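# What the coordinates show
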Amino acid sequence: MARAKRVAHPVADWEQALAMVPEQRVMPMGPVDTAWLRMDSATNRMVIVGVWVLKPGISRAALCARLQDTLLQYPRFIQRAQHTPDGAVHWEPDGDFVLDHHVVSESLPRARAGQQQAKLQDRVAELAVQPLHPRRPLWQFHLVERYAGGSALIVRIHHCIADGVALVAVMQSLVDGGVLPPRSPRRSHGHGLLDRAEALLETWVFAPAGRASTLAWGAASLGAKTSWAFAHAPRRTLEHGLR
């Protein structure tokens, strides 16, 4: 299968996105994200599943082009989880990354009038219990090009990649008029682990999450408040942990 056509953009494809990752190419997975990864089981997948119904519909080529221009600028989506002999887990760039592995074309069974949604729900239920490939970045998009006069997009992203607040902002970057992912800052100082981690968090998670803060604050839950505090004090959180 041919790869999707590349889009003209300052950082338009995964090779350039890899080049944006700061000096520390292999990064330790945080304890909370590691817990999400280890809790994943055949009977309880730790995978966030969402469905978009798009009108007008889109083609697979158009979806791939949009992902290259937006999602793949977040390095986490071209990194895989690597387990080490001492039991730790690290994020490392997937040197064999191919977008075709993560964008799947789907065809729903024929349905009577008014039954198409039920067929889509059945397919979502099937995918909800399927594992993501452990040796590839832990996400996958499933596109039904022809659905209800448009298209349907089933999104599967492992919870260890990010929490719901951050993923809202990531997904908003995919739509027309959405804010593109920020480019990695070039810093001439601060080469310590905390400095690099803070720069990564601010650039790829907390800055976009701030744009979705009203959604999180509206939830008024402890988790949302904790995420908000985390976004405003990444260094302190890294030093002392979430409480």
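Located above this text is the structure these notes cover.
Scope of this entry: the structure provided in the associated data block. (Residues numbered from 1 in each chain as written. Predicted model: local features only at pLDDT ≥ 70, side-chain atom pairs only at ≥ 80, totals over all residues. Heavy atoms only, no water.)

### Points about the pairing of strand β5 (residues 103-106)
- Both β5 and strand β6 (residues 139-147) contribute to a ladder of four bridges, which runs parallel. In the sheet register, valine 104 faces β6, and the bridge partner there is histidine 142.
- For the handedness criterion, the β-α-β arrangement of β5, helix α4 (residues 116-128) and β6 is classed as right-handed. (Pairing = 2+ DSSP bridges. Helix = DSSP H or I, 4+ residues; strand = E, 2+ residues; numbered from the N terminus. Right-handed = clockwise from strand over helix to strand, strands pointing away.)

### Section: the pattern of salt bridges
- Per the stated rule, a full pass over the model turns up seven salt bridges.
- We note a salt bridge from arginine 80 to glutamate 92, for which the minimum N-O separation is 2.9 Å. Taken as a pair, arginine 80 in strand β3 (residues 79-83) and glutamate 92 in strand β4 (residues 89-93) lie far apart in primary sequence, twelve residues in all.
- According to the relative accessible area criterion, glutamate 92 is buried, its value standing at 16%.
- Salt-bridge contacts for arginine 123 lead to glutamate 106; the nearest nitrogen and oxygen are separated by 2.9 Å. Of the two residues, arginine 123 is situated in helix α4 and glutamate 106 in strand β5; the sequence distance between them amounts to 17 residues. Side by side, arginine 123 and glutamate 106 carry an identical accessibility label, which is buried.
- A cluster of three or more residues bridged by salt bridges with shared partners is formed by Arg80, Glu92 and Asp94. (Salt bridge = Lys/Arg side-chain N within 4 Å of Asp/Glu carboxyl O. Buried < 20%, exposed > 50% of the residue type's maximum accessible area, 1.4 Å probe, protein only.)

### So, the sheet that holds β4
- Read from one edge to the other, the open sheet built from three strands follows the order β1-β4-β3, with strand pairing classed as antiparallel. At either margin of the open sheet sits one strand with a lone partner, and together these are β1 (27-28) and β3.
- Where β1 and β4 come together, two bridges link them in antiparallel fashion. Opposite proline 28, over in β4, you have histidine 90 as the bridge partner.

### As for the sheet that holds strand β2 (residues 47-54)
- In space, the four strands of this open sheet follow the order β2-β7-β6-β5, with mixed pairing throughout. Each edge of the open sheet is held by one strand with a lone partner, namely β2 and β5. Looking at each pair of strands side by side, their axes are set apart by 20° on average, direction ignored.
- In this structure, β2 lies alongside strand β7 (residues 150-158), joined through eight bridges in antiparallel fashion. (Axes fitted to C-alpha atoms, helices over the stretch in contact; angles between N-to-C directions.)

### Quick notes on the nonpolar core
- With 34 residues, the main nonpolar core has Leu67, Phe77, Trp139 and Phe141 as its most contacted residues.
- Among the secondary structure elements, those contributing two or more residues to this core are β2, α3 (60-69), β4, β6, β7 and α5 (164-172).
- Among the elements that line this core, the one with the most residues is α5, at four residues.
- Sequence-distant contacts of phenylalanine 141, that is, excluding residues within four places in its chain, are made with Leu63, Leu67, Leu71, His102, Val103, Val104, Leu153, Ile154, Val155, Met171 and Leu174.
- One finds Val124, Leu127, Ala152 and Ile154 within the second-largest nonpolar core, a separate group that totals eight residues. (Core = buried A, V, L, I, M, F, W, Y, C linked by side-chain atoms within 4.5 Å. Contact = heavy atoms within 4.5 Å.)

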